[in-house]
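Architecture and fold: a report
What follows is each chain in one-letter form.
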Amino acid sequence: MDKIKEEILESFFVKAVHEPAYRPEFLEQLMSANVYCVGSSAEVNAQDGISTHLLESGASVQLKSWEDETYDCVIPFFTSLEKMRLAMDQEEPFICLPTKALFEMTLGARLVLNPQSPDATKDFIPDEIQYLLQGKFSAPVENYEVEEDTQVLIGQPNEYPQFMIDQLIILFGSQPSVKAAYLAQIFNQARDTQPTLLIGLDLEEGLSEKFIQELHSKIGRVTYDSLPEKQAIDLIHLQHDSSEGVVDYLVNETKAFYLRNNGKKKGLFARLFS
């Protein structure tokens, strides 16, 4: 693997451990990366070096696993040879393969990334792996359309979710299509048993449905991981010419917690290493 790419991936990994805002980007990078596993394949001899022996989907391999109390086994994998050697014997054979191929061939198992690393480690359970293989970062977002006039209670949350807001600001800073974002608390008694947080999104026009779904998935991952008590979050797209009560409240009675900087945009890589 490319040493620079490994270092970038590991930098994202360390940031993602402490700041949920970086988790979608880390997972995107991981899914497009090549990783290391302890194991063997008839198609690869590790002694020949790995630069020209990258395994592809469909290859027959044998991977080393560890016993686990909850799952039949847990399979370790690593972002670099250095991280692998922290957990494994120097003499054990290894293979290099795309993360996606590894996830596909081990579907149903629990995997752990960089076990025994002092910097960062992460478990991947089967449900999460399935979402990632589908190009998602969290459980599917449910669309809820109000088909008739519905009375709701709306205001500001009693306990302001500052950490979640800080993480969303970081995330939206890497999404030029997000012009502004607003926060409220809403209680729809016809649907919910308790109030939920509501995020209003002001987006650029003409975005594809696929892009919007990916953005929703990223927001869902960041908000879920940022709240101490896991809860559902409502999203609404703002139309400034709408007279809808909820939109009117967000735009005219609250202040956006995020406003796009229309100057020179600083990319996520630049912010990561600044």
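Our subject is the structure that appears above.
The sections below set out a description of the structure shown in this document. As the structure is a computational prediction, the values presented were derived from the model and not from experiment. (Residues numbered from 1 in each chain as written. Predicted model: local features only at pLDDT ≥ 70, side-chain atom pairs only at ≥ 80, totals over all residues. Heavy atoms only, no water.)

A large share of helix H2 (residues 23-31) lies buried, amounting to 7 of its 9 residues. For H2, the full list of buried residues reads Arg23, Pro24, Glu25, Phe26, Leu27, Leu30 and Met31. (Buried < 20%, exposed > 50% of the residue type's maximum accessible area, 1.4 Å probe, protein only. Helix = DSSP H or I, 4+ residues; strand = E, 2+ residues; numbered from the N terminus.)

Inspection of the entire model under this criterion finds 15 salt bridges. Close ionic contact of arginine 23 with aspartate 225 constitutes a salt bridge, the shortest N to O distance being 3.2 Å. Placement of the pair is arginine 23 in helix H2 and aspartate 225 in helix H7 (residues 209-226), with a sequence separation of 202 residues. Given the relative accessible area of 19%, arginine 23 is considered buried. Judged by its relative accessible area of 19%, aspartate 225 falls in the buried class. The partner of glutamate 92 in a salt bridge is lysine 64, with the nearest N and O atoms 2.8 Å apart. Of this pair, glutamate 92 sits in the loop between helix H3 (81-87) and strand E4 (94-98) while lysine 64 sits in the loop between strand E2 (61-63) and strand E3 (74-77), and the two are 28 residues apart along the sequence. Among the residues examined, lysine 64 registers a relative accessible area of 33% and is labelled partly exposed. Look at the salt bridges and you will find they share partners, linking Arg23, Lys122, Glu128, Arg221 and Asp225 into a network. (Salt bridge = Lys/Arg side-chain N within 4 Å of Asp/Glu carboxyl O.)

This part covers the sheet that holds E3. What the 3 strands build is an open sheet, ordered E3-E5-E6; its pairing is mixed. Unpaired on one side and paired on the other, E3 and strand E6 (122-124) mark the two borders of the sheet. Here the average twist between neighbouring strands, direction ignored, is 25°. On top of the sheet, H2 reaches E3, strand E5 (110-113) and E6; it is set at about 65° to E6, its chief contact. Against the sheet, helix H5 (residues 126-133) contacts E5 and E6, and its axis sits at roughly 80° relative to E6. (Pairing = 2+ DSSP bridges. Axes fitted to C-alpha atoms, helices over the stretch in contact; angles between N-to-C directions. Contact = heavy atoms within 4.5 Å.)

Grouped together as the largest cluster of nonpolar side chains are 28 residues, with contacts concentrated most on Phe26, Leu30, Phe77, Phe103, Leu111 and Phe124. Of all elements in the fold, only helix H1 (3-18), H2, strand E1 (34-41), E3, E4, helix H4 (99-105), E5 and H5 reach the threshold of two or more residues within this core. Here leucine 111 is in contact with Val74, Ile75, Phe77, Leu102, Phe103, Thr106, Lys122, Asp123, Phe124 and Ile129, once residues within four sequence places are set aside. (Core = buried A, V, L, I, M, F, W, Y, C linked by side-chain atoms within 4.5 Å.)

Treat this as a map of the structure, not an account of what it does.
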